[in-house]
Amino acid sequence: MITNQVLLNTIEGLKSISRIDFCVFDTEAKVLASTFGESKEFEDAILSFAASPADSQVIQGCQFFKIFDEQQLEYILLAGGESDDAYMVGKIAAFQIQNLLVAYKERFDKDNFIKNLLMDNLLLVDIYNRAKKLHIDTEVKRVIFIIETSHEKDSAALDNVRNLLGGKAKDFVTAVDERNIIVVKELSEKDGSRELARMAREMLTILREDSGDEQMHIAYGTVVNDIKEVSKSYKEAKLALDVGKIFYVEKDIVAYSSLGIGRLIYQLPLPLCKMFIKEIFEGKSPDEFDEETLATINKFFENSLNVSETSRQLYIHRNTLVYRLDKLQKSTGLDLRVFEDAITFKIALMVVKYMKYMETLEY
């Protein structure tokens with residue numbers, strides 16, 4: 001349960017204070033962490049001590065200690081030396097590792113609870129009962145952030161994120177797959193959309209500086225007020241992450257509340273999308289226009305169908321823009337200066353983008 005690196009950090013810290021060497025073994029005499037410069041042969045002594053009724057013993061010039069996890073022998077600790085000081089420091093080290101076991105077990109229980117909560121694997125009554133036993137508040141504001149990395153992570157990477165983002169004891173950092181890290185963030189009453197955007201940006205900055213992963217993305221759901229709704233915020237964040245890859249590729253942070261019409265298009269069946277494109281454009285695709293036409297269309301949309309502002313930003317005469325829009329109207333039957341036609345064309349562009357993305361997933 002405790003990683004070997006954590007065990008090593010613990011005994012190295014104790015050695016730096018006491019100047020006594022330590023070694024941690026599992027019950028099969030395998031070394032898990034050690035500060036001994038020279039490795040001695042302790043296998044027979046470890047196995048013999050593990051089978052004995054003694055909790056501590058002096059063997060081969062070292063103090064031996066047993067460390068239990070709920071009466072089950074978990075580790076055997078060696079402290080170098082036979083003196084009373086070595087015994088006392090060894091007892092302190094054993095006590096420290098024992099407390100680590102308890103803390104990690106509690107975190108493991110909470111981690112399992114949070115995972116099952118996110119995945120909707122718990123009955124309503126179980127949610128409140130387990131939250132009470134684990135001392136987790138049920139009626140506070142929370143939001144889910146999903147951090148997607150460009151490479152697979154391991155448990156050490158997850159612990160690193162916990163350390164980097166562990167500003168509040170009541171926040172939870174967990175994972176349900178290889179690439180996504182989930183942060184269940186507790187909020188104050190005054191935290192709103194502006195604060196959520198700031199939190200996401202701070203997370204991204206911290207994690208990018210630490211990992212150097214420039215392909216990292218963050219998505220987050222809406223704020224929920226009860227623990228039973230945490231899975232709702234998680235599903236929203238997951239949807240925001242997926243939709244962002246299609247319609248908002250230029251953004252590294254995507255909020256569910258900002259998805260707009262892309263959220264609806266993402267949930268359309270592909271046959272319906274193909275039918276829509278065929279009916280509107282008679283078998284043609286709206287993304288088959290040349291780059292100049294597409295740039296004109298996108299800039300026209302960016303400027304809310306304003307002809308004067310669009311022509312200014314494109315550095316062309318107003319009449320040139322009108323000519324391009326007239327030409328587009330003849331080829332598609334849609335006049336982008338008319339709001340309804342503009343909406344239809346905008347949706348069509350997004351539908352085509354969605355269809356192309358879904359096609360890439362099939363291969």
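A.B. asks: Describe helix H11 (residues 307–314), and please don't skip the residues or the numbers.
C.D. replies: All buried positions along H11 are accounted for by Val 307, Thr 310 and Ser 311. Mapping the buried residues of H11 onto a view down its axis gives an arc of 95°, with all of them on the same face. Of the surrounding secondary structure, the elements contacted by the buried residues of H11 are helix H10 (291–302) and helix H12 (318–332). A side-chain oxygen of the first residue of H11 lies 3.1 Å from the backbone nitrogen of Ser 308; this N-cap is Asn 306.

A.B. asks: Would you mind going over the environment of His 317 in detail, with residue names and values included?
C.D. replies: Positionally, His 317 belongs in the loop between H11 and H12. Overall, His 317 belongs to the exposed group, its relative accessible area being 52%. One polar contact links the side chain of His 317 to the main-chain amide nitrogen of Asn 319, over a distance of 2.9 Å.

A.B. asks: Account for the side chain of Ser 233, naming residues and giving values.
C.D. replies: Here Ser 233 shows up in helix H7 (residues 230–247). Of the polar contacts made by the side chain of Ser 233, one reaches the backbone oxygen of Thr 222; its length is 2.9 Å. Setting aside residues up to four positions removed in sequence, Ser 233 forms contacts with Val 143, Ile 144, Gly 221, Thr 222 and Val 224.

A.B. asks: Give me the lowdown on the layout of surface pockets, citing residues and values where you can.
C.D. replies: Of the volumes computed, that of the second largest pocket is approximately 430 Å³. Elements represented by at least two residues in the lining of the second largest pocket include exactly H10 and helix H13 (339–362). The biggest single contributor to the lining of the second largest pocket is H13, with 8 residues. Taken together, the residues of the lining of the second largest pocket sort by class into 10 nonpolar, 1 polar and 5 charged.

A.B. asks: A description of unusual backbone geometry should follow, citing residues and the corresponding values.
C.D. replies: Outside of glycine, negative phi angles account for most residues, and trans bonds account for most peptide bonds. Here Arg 19, not a glycine, exhibits a phi torsion of approximately 65°, which is positive. Along the chain, Arg 19 turns up in the loop between helix H1 (4–18) and strand E1 (22–25). A residue is classified by how much of its surface remains accessible, and Arg 19, at 74% relative accessible area, is exposed. A positive phi is found at His 135, a non-glycine position, where the angle reads about 60°. Following the sequence through the fold, His 135 ends up in the loop between helix H4 (124–133) and strand E6 (142–148). By relative accessible area, which is 68% here, His 135 ends up exposed.

A.B. asks: For the packing of aromatic side chains, give the residues involved together with the corresponding values.
C.D. replies: Counting across every chain of the model gives 8 aromatic pairs. Members of the aromatic cluster, connected to one another through ring pairs, are Phe 25, Phe 36, Phe 42, Phe 49 and Phe 64.

A.B. asks: I'd like a description of the nonpolar core, backed by residues and values.
C.D. replies: Note that soluble globular proteins tend to have their nonpolar side chains buried in a common cluster. Phe 113 and Ile 144 are the most contacted members of the largest nonpolar core, which totals 54 residues. With 10 residues, H13 is the largest single contributor of residues to this core. Look past the residues within four positions of Ile 144 in its chain and what remains in contact with it is Leu 118, Ile 182, Val 183, Val 184, Ala 219, Tyr 220, Gly 221, Val 230, Ser 233, Tyr 234 and Ala 237.

Conventions we followed
- Residues numbered from 1 in each chain as written.
- Predicted model: local features only at pLDDT ≥ 70, side-chain atom pairs only at ≥ 80, totals over all residues.
- Heavy atoms only, no water.
- Buried < 20%, exposed > 50% of the residue type's maximum accessible area, 1.4 Å probe, protein only.
- Helix = DSSP H or I, 4+ residues; strand = E, 2+ residues; numbered from the N terminus.
- Arc of directions from axis to C-beta.
- Contact = heavy atoms within 4.5 Å.
- Polar contact = N/O pair within 3.5 Å; in protein donor to acceptor, adjacent residues only side chain to side chain.
- 1 Å grid on protein atoms, 1.4 Å probe; cavity = no way out; pocket = protein on both sides within 12 Å on 5 of 7 lines; lining within 4 Å.
- Points joined across faces, edges and corners; volume = space filled by probe spheres on them.
- Nonpolar A, V, L, I, M, F, W, Y, C, P; charged D, E, K, R; others polar.
- Phe/Tyr/Trp six-rings, centres within 6.5 Å; stacked < 30°, edge-to-face > 60°.
- Core = buried A, V, L, I, M, F, W, Y, C linked by side-chain atoms within 4.5 Å.

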